[in-house]
Amino acid sequence: MITLNINGQEMPVEASPETPLLWVLRDTLQLTGTKYGCGMSLCGACTVHMDGKAVRSCVTPVSAAADAKIQTIEGVGEGAAGKAVQQAWEQLDVVQCGYCQSGQIMSAVALLEDNRVPSDADIDEAMGGNVCRCATYVRIRAAIHEAAKSLA
Amino acid sequence: MTRSIENESRRRFLQGATGLTLALYFPWAMARNPESGGTQAARFEPNAFLRIGEDNSVTVVSKHLEMGQGTYTGLATIVAEELDAAWSQVRVESAPADNSRYNNLQWGPMQGTGGSSAIANSWEQLRHAGASARAMLVAAAAQRWQVPAQEIAVAGGVLTHAASGRQASFGELASAAAEQAVPEQVELKQPADFKLIGQPLRRKDSAAKTNGSAVYTQDIHLPGMLTAVVAHPPRLGGVVASVDAKPAMAIDGVTDVVQIPSGVAVLARDTWTAKRGRDALDIKWDESAAIRLNSEQAFERFRQLAASPGAVARQDGDAETALAGAEQLLEAEYDFPYLAHAAMEPMNCVIRLAEGRCEAWYGAQIQTRDQAQLAALFGLEPEQVSIHTLYAGGSFGRRASTSSDYIVETAHIVKAIDGRAPVKLVWLREDDMQAGSYRPMFHHRLRAGLDGQSMLVAWQHRLVGQSIAAGTGSDAGGGVDPSSVEGAANLPYAIPNMLVDLHTPTDIGVPVLWWRAVGSTHTAFSTECFIDELAQATGRDPVAWRLAMLQEHPRHAGVLKLAAEQAGWDTPLAPGRDGERRGRGVAVHEAFNSYVAQVAEVTVQSDGSYRVDRVVCAVDCGIAINPDVIRAQVEGSVGFALSAAMSEAITFTDGKVDQSNFHNYTPLRIADMPRVEVHILPSAAAPTGIGEPPVPPLAPALVNALAAATGKRIRRLPIGDQLAG
């Protein structure tokens, strides 16, 4: 039995220690906002926060998450940056198919928690691990600037 | 029993009989491609596209899949416009699979989404749906208030009678409206009266896709459900010779190992356990019928085929004679690799078999075909197969599989366990990448003849590539698959002698499929690059020369002019820094009756690396239902097409796909995304699609820009590092 702290709640789970956090979130806890895209930390669809840092849950063993505060897309709107990013995403209609967007938003929030005035280059670097096949990148960039503005 | 789908959905509508259910009946004409002059047989079909609840909600039922292209938003806008609803009261839900009500009117008796047809085929249908509902609400209000119907105004979901000061919401009138007769004829609005159409209304799916609550196939959990991961043969065409299931069955949580036609499936309580079980299998494959394809050898064979005439797709005048008599002869060959769709959500499907019925949950793109395949497999009538169409995490054509491959695979697994549990099939990224169904590889050879005044007098275009439509029942016969030559056979330029012909190899063994913009993904490239080469060879301006040859094609010319103007084509490009070379390139193309021109600006470094700085796009897709959704589709199409042009390729070595995941099939990332400017040509023409048409012009515009910057002509995609050295 491993106890996870997810979005501020203690959640005990039965899982072997090497199971990726992604599948515990999705299949065991049915927190399905976090998505599977590649399983190799290549696309960022599975991005969550561990102690405020963006990590790829598809390659994070659940045992490594046991002592951390985990935040997922389901809880990220509780914070000021998360709320600002989600509002900007809606305001600019960033999404198309939407499947990668949980991960995009989690990466964007982690960026803004660190850097309240990111440049385009900062955005490119922080978001470079998140693939969007619909290529909504123009709006992702604009929405991050918009969220930064609303947080200022 | 065979009517149960319809009964069930009617019951659901009636349960909403807290409100008005409108089953609308009206005539519709078979949609026609204005250029092909198809049939126009009028028929009656029942349709049910909206319901209004007493809670004042307007629910629009979408017969089309929302895979990112904004269909839910666009279709709902059309209904809401004629209904005079408030945008805030409108929500959208997916239609059930039912080809008696939800056909794609461009496809005959077939429910499905594709060919950028959702808006085009629904336009008149949904306007009538909205206007009929509005008329019934007005009739109900007139009756209740005892006033003439023509004195009642409707706006923002509220009916008003000014003289008596009465007003009522849609919700208040819903039950009374349900008692009214469905009008036989309704008057549709004039475009000048549109209130919602043409406005940048917010997408209906933004909130759910921003807070993680949108439900995709991957997110379905049914009681008792098992998750399946499949071991597929390492080479297409391979089959299982023997399998040792013991190591997989030894894993806690693995419940079944079953052999199915496409491989071996491991079922388990969750995805990770199923994957571990799959990886533990010891399988011997019989590869006697497997393919042994090598991409380079295949290209070599395609080139040999291109030396002889193929099946004729277009013949104007006498191209051979004109070429022989030409003053100047130019020739170029272009190569295109297989491409994967690589949607962010790998293919997946959930199926439950219970009480003589099959229920399926997934991002269904061609419901009618899938329904027929599932029915045949389970020995059911199509009506006994329910499909719950969910949001699709991208498709780009993949979910319009001609064989319903991953859906049929799920059904085989359910069958193999005698339907004792619902099954979710999960393809891992590697399965998705290596399963075939690619954009076909193609080889093109073009020859052009110029006369003494450098006028283009002859054009010969030969294509070699597999047919997508062959065997699907949708090929036109005569050896020419229209989807292989679209964009080539209808080249718009005024050239007196033209021959377009096609070789279709049938023994390759790689499944091929529609890929966003289909034939135009290669034909726009070869034609627009070759035109550019000819312009350069004759010292002509690429825009002015195209315009001179487009006098009979005002919509092509319209977008080309607009893009050139907005890009500042006639003013020199700002120079780069030391060592940088800059260039600008243009392309124009029509696909699915929408017209798009793009001007790309590039900067090339001394080491041959390059970036696309800016892409200026002009589009003519008829009436712009939602200009912001159109802009988003153009932006995304530019990125999607740029991704393929820069670095995507599926290649084969001894029958094995060389790529497996995003490290060796490398999609565009944010740092390579250019600035995109979108200009929409005002139009009063009926709306056409925008999901695919902005894809084709990007690669030729880019490669023409690279040629302008460096003098080097790229004739093989992807571009890769061809500019280095």
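What you see is a predicted model; the values in this text were computed from it and never measured. Here the residue numbering is sequential within each chain, running from 1 through the sequence in written order. Just so you know, chain letters begin at A and ligand numbers begin at 1, following the order they were written in. At least 70 in pLDDT is required for a residue's local features to be given in this predicted model, at least 80 for side-chain atom pairs to be given and counted, and no such filter applies to totals for whole chains, interfaces and linings, which use all residues. The basis for the side-chain values is all heavy atoms of the structure; hydrogens and waters are excluded.

Let us now look at the overall build of chain B. For helices the rule is a DSSP run of H or I covering at least 4 residues; for strands it is a run of E covering at least 2, with both sets numbered from the N terminus onward. For chain B, the count of helices and strands is 18 helices and 27 strands. As defined in this context, the radius of gyration uses C-alpha atoms, and a globule is described by 2.2 Å times the residue total to the power 0.38. In terms of overall size, chain B behaves like a compact globule, its C-alpha atoms giving a radius of gyration of 27 Å where 725 residues would be expected to give roughly 27 Å. By principal-axis analysis of the C-alpha atoms, chain B measures approximately 80 × 75 × 50 Å. We call two residues in contact when some of their heavy atoms are within 4.5 Å. Sequence-distant contacts, at least 24 apart, represent 75% of the contacts inside chain B between residues at least 6 apart. Under the convention used here, a 1.4 Å probe and the Shrake-Rupley method define accessible areas, while residue burial counts only the protein chains that appear. Roughly 25800 Å² of accessible area belongs to chain B as shown, and the carbon and sulfur atoms make up 50% of that amount. Neither His nor the chain ends is counted toward charge; the positive residues are Lys and Arg and the negative residues Asp and Glu. By convention, the point assigned to a charge is CZ for Arg, NZ for Lys, CD for Glu and CG for Asp. For chain B, the separation between the mean place of its 63 positive charges and that of its 79 negative charges on side chains is 3 Å.

Moving on: the UniProt feature "domain: Aldehyde oxidase/xanthine dehydrogenase a/b hammerhead" (unreviewed entry) in chain B. UniProt positions are given in the numbering used here, feature names are shortened, and annotations may be inferred rather than shown by experiment. In the numbering used here, UniProt assigns the "domain: Aldehyde oxidase/xanthine dehydrogenase a/b hammerhead" (unreviewed entry) feature to residues 211-289 of chain B. The distance separating the terminal C-alpha atoms of residues 211-289 of chain B is 48 Å; by composition the span is 18% helix and 38% strand.

Turning our eyes to something else, we now look at the interface of chain A and chain B. Facing the 49 residues of chain A at the interface are 57 residues of chain B. When the buried surface of chain A facing chain B is broken down by residue, Gln96, Tyr99 and Arg133 of chain A rank first, second and third, together holding 19% of it. By definition, a salt bridge exists where a carboxyl oxygen of Asp or Glu is found within 4 Å of a side-chain nitrogen of Lys or Arg. Our count for the contact surface shared by chain A and chain B stands at six salt bridges. A salt bridge links Asp628 of chain B to Arg139 of chain A; the nearest nitrogen and oxygen atoms lie 3.1 Å apart. Contacts described as polar in this section are N or O atom pairs within 3.5 Å, which, within protein, must combine one atom able to donate a hydrogen with one able to accept it, while residues neighboring in sequence count only if both atoms come from side chains. Here chain A and chain B share 31 residue pairs in polar contact (both at pLDDT 80 or more) between them. Elements that contribute at least two residues to the side of chain A that touches chain B include exactly α1 (21-28), α2 (80-91), α3 (101-114), α4 (120-127) and α5 (137-151) of chain A. Considering each element in turn, the side of chain A that touches chain B owes the most residues, five residues, to α5 of chain A. Throughout this entry, Asp, Glu, Lys and Arg are counted as charged residues, while Ala, Val, Leu, Ile, Met, Phe, Trp, Tyr, Cys and Pro are counted as nonpolar. The remaining residues, Gly among them, count as polar. For the side of chain A that touches chain B, the residue count by class is 24 nonpolar, 14 polar and eleven charged. Buried area: the accessible surface (1.4 Å probe) lost by two parts on joining, summed over both.

So, about the packing of aromatic side chains. Ring geometry is summarised as follows: Phe, Tyr and Trp rings, the Trp one being its six-membered ring, pair when their centres sit within 6.5 Å, and such pairs are stacked at plane angles under 30 degrees, edge-to-face over 60 and tilted between the two. Under the counting rule described, the total for this entry stands at 15 aromatic pairs over all chains. Here Tyr338 of chain B and Phe652 of chain B contribute two aromatic rings whose centre-to-centre distance is 5.5 Å and whose plane-to-plane angle is 75 degrees, an arrangement assigned as edge-to-face. Here the residue Tyr338 of chain B occupies a position in the loop between β14 (328-336) and β15 (348-354), and Phe652 of chain B occupies one in strand β25 (residues 652-653), the gap between them amounting to 314 residues. Residue Tyr338 of chain B shares its accessibility class with Phe652 of chain B, and that shared class is buried. Ring centres 4.8 Å apart and planes at 35 degrees place the aromatic pair Trp515 of chain B and Phe640 of chain B in the tilted group. Here Phe640 of chain B lies in helix α17 (residues 627-647) and Trp515 of chain B lies in the loop between β21 (497-503) and α14 (520-537), a separation of 125 residues in the sequence. Side by side, Trp515 of chain B and Phe640 of chain B carry an identical accessibility label, which is buried. The structure contains a cluster of three or more aromatic residues connected by ring pairs, namely Tyr99 of chain A together with Tyr72, Tyr216 and Tyr391 of chain B. The aromatic ring of Tyr391 of chain B is capped on one face by Lys209 of chain B, whose charged end is 4.5 Å from the ring centroid. Categorising residues by exposure relies on relative accessible area from a 1.4 Å probe, with only protein chains included: less than 20% of the type maximum marks a residue as buried, more than 50% marks it as exposed, and the intermediate range marks it as partly exposed. Cation placement over rings: the criterion is NZ of Lys or CZ of Arg within 6 Å of the ring centroid and within 35° of the ring normal.

Before going further, it helps to spend a moment on the domain arrangement of chain A. You'll often see interface size given as the accessible area lost when the parts meet. Residues and elements named next belong to chain A. We note that the domain assignment places domain 1 (2-71) and domain 2 (76-151) within chain A. Averaged C-alpha coordinates put domain 1 and domain 2 at centres separated by 20 Å. Where domain 1 packs against domain 2, one counts zero salt bridges. Inspection of the region where domain 1 meets domain 2 yields six residue pairs in polar contact (both at pLDDT 80 or more). Among the elements of the structure, β3 (47-50) and β4 (53-56) are those that each provide at least two residues to the side of domain 1 that touches domain 2. At three residues, β3 tops the list of elements feeding residues into the side of domain 1 that touches domain 2. Considered class by class, the residues forming the side of domain 1 that touches domain 2 number six nonpolar, six polar and two charged. Domain start and end points were adopted from an automatic or database domain assignment.

Okay, the domain arrangement of chain B next. All names here are of chain B. Segmentation of chain B into domains returns domain 1 (16-23 + 43-205), domain 2 (217-288 + 347-426) and domain 3 (295-338 + 439-710). Once you take the C-alpha centre of each, domain 1 and domain 2 turn out to be 38 Å apart. Tallying the contact residues gives 18 residues for domain 1 and 15 residues for domain 2. Of the roughly 1300 Å² buried between domain 1 and domain 2, counting both surfaces, carbon and sulfur atoms make up 56%. Taken as a group, Leu65, Met67 and Ala97 account for 42% of the area that domain 1 buries against domain 2, more than any other trio of residues on that side. For the interface between domain 1 and domain 2, the tally reads zero salt bridges. Of the residues that constitute the side of domain 1 that touches domain 2, the class distribution is nine nonpolar, six polar and three charged.

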